[in-house]
Amino acid sequence: MKIAHISDLHLNRKFRRKNLEKTERLIEFALNNLADHIVITGDISDNSDERDFADLRELLIKYDLFHSDRVSVVIGNHDIFGGVELASDIIDFPSRCEKTNYELKVEIFCEHFSSLFDSTVTVNEGKRFPYLKILNDIALIGINSVDYYSKLKNPFASNGKVSKSEREEIDMLLSAAEMESKEKIVLIHHHFYKNSEESKSSGKSIWSRIESHTMKLRGKKKLLSLFKRRGVRIIMHGHSHDMKLYERKGIVILNAGASVDGAGSSLFLVDIDPNNLNISPEVLPQVNSKMSDYFREPAIL
């Protein structure tokens, strides 16, 4: 199976109008290279705007990809709390986060991409995350790593956390008897960088430099130990706007957070079979073309 991994699309009709076009180019490239499945690891919207979710949904429908066996998504912090576009927004952002209904935002995200959750299995019937999706010999574990807002522990709403109860649910999904022969891949938004690497995370704006110091995934060592024990071979994530392949505890980790960052576009193509793992980072050059027609007003769920 060949999987295309993209992340951090940061769709925004006002401030990042090119991002949807870049996303479409990435999808076309993935399909032209015979990708069987596309993974998107969070921050689909830049500012938690339902119109951005609807735009991506329409794009997936256009390419006949709005199906659980073709695309998988997980949620990112911008999908719940949004972000900062202007310097003046920094002052109001904490109060916006404090007023955000976290559970409702997760529900809205999942409703927009409801078809992509078909055939997923969860431990808790009332929750969408964490989920298990089996595609032939591949088992995808989708995790919500976005932490709740806190003035002290998560002041910029960009930190991640997976609670003990959620880790137990992940363990249950990974320990199912049918998982023994599957190639296990974790999909999550937050990264597994070491502290020294976190401080070097890319970002040119003042906000990005501030945010880079508050983008940690709390409890990542416990998660990595769990993944190692249960035979996870690959982790796919975003969050930090880098294009990076690295390793922790013998697990291959891919960060596709720079998918639409900068002038070009990038993605990972991962070709998996029982005896081989071929990972190819692909960078698409910048092109000057007109925007697609996706900025019509789609229905909001």
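Just so it is clear, the structure is predicted and the values come from calculations on it, not from any experiment. (Residues numbered from 1 in each chain as written. Predicted model: local features only at pLDDT ≥ 70, side-chain atom pairs only at ≥ 80, totals over all residues. Heavy atoms only, no water.)

Draft legend 1. Representation of the environment of aspartate 69 within the structure. Within the secondary structure, aspartate 69 is located in the loop between helix H2 (50–62) and strand E3 (71–74). Placed 67 residues apart in sequence, aspartate 69 and asparagine 136 show a C-alpha to C-alpha distance of 9.8 Å. Residues in contact with aspartate 69, not counting those within four places in the same chain, are Asp36, His37 and Leu135. (Helix = DSSP H or I, 4+ residues; strand = E, 2+ residues; numbered from the N terminus. Contact = heavy atoms within 4.5 Å.)

Draft legend 2. Inspection of the sheet that holds E3 at higher detail. Across the sheet, which stays open at both edges, the five strands sit in the order E3-E2-E1-E12-E13 with mixed pairing between neighbours. With partners counted over all chains shown, the strands left at the sheet margins are E3 and strand E13 (276–284), one partner each. On average, each strand axis in the sheet is inclined to that of its neighbour by 20 degrees, with strand direction left out of account. Both strand E12 (residues 265–273) and E13 contribute to a ladder of nine bridges, which runs antiparallel. Bridged to aspartate 271 within E13 is asparagine 278. Contacts between helix H1 (residues 18–32) and the sheet are confined to strand E1 (2–6), strand E2 (37–41), E12 and E13, with E12 contributing the most and set at about 30 degrees to the helix. (Pairing = 2+ DSSP bridges. Axes fitted to C-alpha atoms, helices over the stretch in contact; angles between N-to-C directions.)

Draft legend 3. Fine view of helix H5 (residues 102–112). For H5, the complete set of buried residues consists of Tyr102, Val106, Phe109, Cys110 and His112. Mapping the buried residues of H5 onto a view down its axis gives an arc of 165 degrees, with all of them on the same face. In this structure, the buried residues of H5 make contact with H2, E3 and helix H3 (77–81). (Buried < 20%, exposed > 50% of the residue type's maximum accessible area, 1.4 Å probe, protein only. Arc of directions from axis to C-beta.)

Draft legend 4. Inspection of the packing of H1 against H2 at higher detail. Closest axis-to-axis distance for the H1/H2 pair is 11 Å, and the angle between their directions is 30 degrees. Taken as axis vectors, H1 and H2 run roughly parallel relative to one another. For the pair H1 and H2, the crossing hand works out as right-handed. Across the interface between the two elements, Leu20, Thr23, Glu24 and Ile27 from H1 touch Asp55, Leu56, Leu59, Leu60 and Lys62 from H2. (Parallel < 35°, antiparallel > 145°, perpendicular 65-115°, else oblique. Left-handed = near helix turned anticlockwise from the far one by under 90°.)

Draft legend 5. Layout of the packing of aromatic side chains. Evaluation of the coordinates by the stated rule reveals 10 aromatic pairs. A centroid spacing of 5.8 Å and a plane angle of 70 degrees characterise the contact between phenylalanine 53 and phenylalanine 113, whose relative ring orientation is edge-to-face. Taken together, the residues phenylalanine 53 in helix H2 and phenylalanine 113 in the loop between H5 and strand E4 (131–135) connect sequence positions 60 residues apart. Here phenylalanine 53 falls in the buried class, since its relative accessible area comes to 1%. Look at tyrosine 193 and tyrosine 246: their rings are 5.0 Å apart centre to centre, the planes differ by 65 degrees, and that puts the pair in the edge-to-face class. Residue tyrosine 193 is located in the loop between strand E7 (183–187) and helix H7 (195–198), and its partner tyrosine 246 is located in strand E10 (residues 243–248); the two are separated by 53 residues in the primary sequence. Neither residue differs from the other here; tyrosine 193 and tyrosine 246 are each classed as buried. (Phe/Tyr/Trp six-rings, centres within 6.5 Å; stacked < 30°, edge-to-face > 60°.)

Draft legend 6. Region of interest: the pattern of salt bridges. Overall, the coordinates contain 11 salt bridges when judged by the stated rule. Where glutamate 21 meets lysine 18, a salt bridge forms, and the shortest distance between an N and an O atom there is 3.3 Å. Of the two residues, glutamate 21 and lysine 18 both sit in helix H1, three residues apart, roughly one turn of that helix. For lysine 18, a relative accessible area of 40% gives the class partly exposed. As a salt-bridge pair, glutamate 98 and lysine 151 come within 3.7 Å of each other at their nearest N and O atoms. Residue glutamate 98 is found in helix H4 (residues 89–99), and its partner lysine 151 is found in the loop between strand E5 (138–142) and strand E6 (160–161); the two are separated by 53 residues along the sequence. Among the charged side chains, a network of salt bridges with common partners joins Asp171, Arg229 and Arg230. (Salt bridge = Lys/Arg side-chain N within 4 Å of Asp/Glu carboxyl O.)

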